[in-house]
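Fold and geometry: a report
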Amino acid sequence: MSAHARGFLGFLAGFAASLGVTPAAMATTPFSLPVSNQAALARGHALPVPEAAAGDEGARLQLDWTSEFLLEQAGNETIELDGETLRLAWTQRWVWNDWRLSAELPLLVTGGGTLDSGIEQWHDWFSLPNGRREERERDQYRYAYTRGGATVFDVRDSGAGLGDLRLGAARCSEELRCLRAMLQLPTGDADRFEGGGLGGALWYERGFRLGEDERWTGTWAAGASATRADGPLEAQAETIVPFGWVGVAYGLTERLDAGAQVYLHGPLYDDSVLDALSRAGGQLAFGFAYTVDERLRWTAALQEDIVTASSPDFSIHLGVEWR
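These remarks concern the structure in this document. (Residues numbered from 1 in each chain as written. Predicted model: local features only at pLDDT ≥ 70, side-chain atom pairs only at ≥ 80, totals over all residues. Heavy atoms only, no water.)

Observations concerning the overall build of the chain
Within the chain, the regular secondary structure consists of three helices and 16 strands. Buried residues in the chain amount to 52% of all 323 residues. Considering only residue pairs separated by 6 or more positions, the chain has 65% of its internal contacts joining residues 24 or more positions apart. When the accessible surface of the chain is split by element, carbon and sulfur atoms take 57% of a total near 14200 Å². (Helix = DSSP H or I, 4+ residues; strand = E, 2+ residues; numbered from the N terminus. Buried < 20%, exposed > 50% of the residue type's maximum accessible area, 1.4 Å probe, protein only. Contact = heavy atoms within 4.5 Å. Areas by Shrake-Rupley, 256 points an atom, 1.4 Å probe, with all protein chains shown as cover.)

Next up, the structure:
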């Protein structure tokens, strides 16, 4: 692993330690949101999604609605990323002896979408950058990249297809310390940025409480992924990518938690002067988790890019889990 990657993981561990966290030796699940980078150019990389539950036997159905827009030109490179994706994923979990196993298969529906006007208004309310959205017609679908006058890709047709199948395994202690691994199989179409990357990830995850108030809980994780990419950006894709996240929440009631989560990862591509390809990624999600009973839990969240260009502008998440 490179010195940059080691430093990135060290920063995440040091940040969690600086919070003064203590292990969450509790029966309830610590807060986390099952959201990560949903950008089209990130789908082929083996970046795991945080688990919204402790990993008990059961299932999760989740919908992620993502809009991204970027126009960027630097040197002899130009890139345009403009589209929306509906990602509907089914995750099944099993418990076998001391192992927690899982399988996730997503369905992706891509198109011009309908979120553009609402996102522009959102950015205006909070004085956030608009990414030059006003320079293009609303609700279009186009992903294009030229380099040295040659077209690397130009995708304009929307559609639907499977994403990459993901298989997971974890060993967790009663203190909610988990060592997790994931295998990603390239069942998605790499040329259409629906996945297509063969890879895996390994990470350490830990639940915690903040101070003595049991209503403050959270999780942090750090690890690295390895991916053999496919598709038009295969030659520029990074093989090893560090990643991690920190999520904290406050228990508003016995059943309702509100919180926020930061997900960070290293650059996904190299050999480019464009921020969209060379910059590390960072997403901030904030939302709610409602526990109906010990078997049923709902999650809802909004996600924004805290590192622009390499992350989508905006994502909406809705999920439900059965145990």
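Examining the state of the cysteines
Applying the stated rule across the entire model yields one disulfide. Shown here is the disulfide that connects Cys172 with Cys178, its sulfur atoms set 2.0 Å apart. Between Cys172 and Cys178, the S-S torsion sits near 115°, and that sign places the bridge as right-handed. (Disulfide = S-S within 2.5 Å.)

Considering the pairing of strand S4 (residues 99-111)
Looking at chain direction, strand S3 (residues 77-96) and S4 are connected through 13 bridges and run antiparallel. Counterpart to Trp94 in the pairing with S4 is Leu101. Adjacent in sequence and paired antiparallel, S3 and S4 are bridged by two residues, among which Asn97 carries a positive phi angle near 55°. When S4 meets strand S7 (residues 159-162), the two strands line up antiparallel, connected through four bridges. Note on S7: the bridge partner recorded for Leu107 is Leu162. (Pairing = 2+ DSSP bridges.)

Points about a negative patch on the surface
Where like charges cluster on the molecular surface, the negative patch consists of Asp189, Asp191, Asp230 and Glu234. Here Glu234 is to be found in the loop between strand S11 (216-228) and strand S12 (240-251). (Patch = residues over 30% accessible without salt bridge, like charges linked within 9 Å, V, L, I, M, F, W, Y side chains within 5 Å. Salt bridge = Lys/Arg side-chain N within 4 Å of Asp/Glu carboxyl O. Lys, Arg positive; Asp, Glu negative; His and termini not counted. Charge placed at Lys NZ, Arg CZ, Asp CG, Glu CD.)

Examining unusual backbone geometry
One non-glycine residue, Asn97, lies in the positive phi region at around 55°. Mapped onto the elements of the fold, Asn97 is located in the loop between S3 and S4. With a phi close to 60°, Phe193 is a non-glycine residue in the positive phi region. Here Phe193 is to be found in the loop between strand S9 (177-185) and strand S10 (198-210).

Some points on the packing of aromatic side chains
A ring pair, where both rings are aromatic, is described by two values, the distance of the centres and the angle of the planes. Applying the stated criterion across every chain, the model contains ten aromatic pairs. Between Phe153 and Phe193 the ring centres are 4.8 Å apart and the planes differ by 70°, which places this aromatic pair in the edge-to-face class. One end of the pair, Phe153, is in strand S6 (residues 150-155); the other, Phe193, is in the loop between S9 and S10, and 40 residues separate them in sequence. With respect to burial, Phe153 and Phe193 carry one shared label: buried. Put simply, the rings of Trp203, Phe243, Trp245 and Tyr263 pair up and form one aromatic cluster. (Phe/Tyr/Trp six-rings, centres within 6.5 Å; stacked < 30°, edge-to-face > 60°.)

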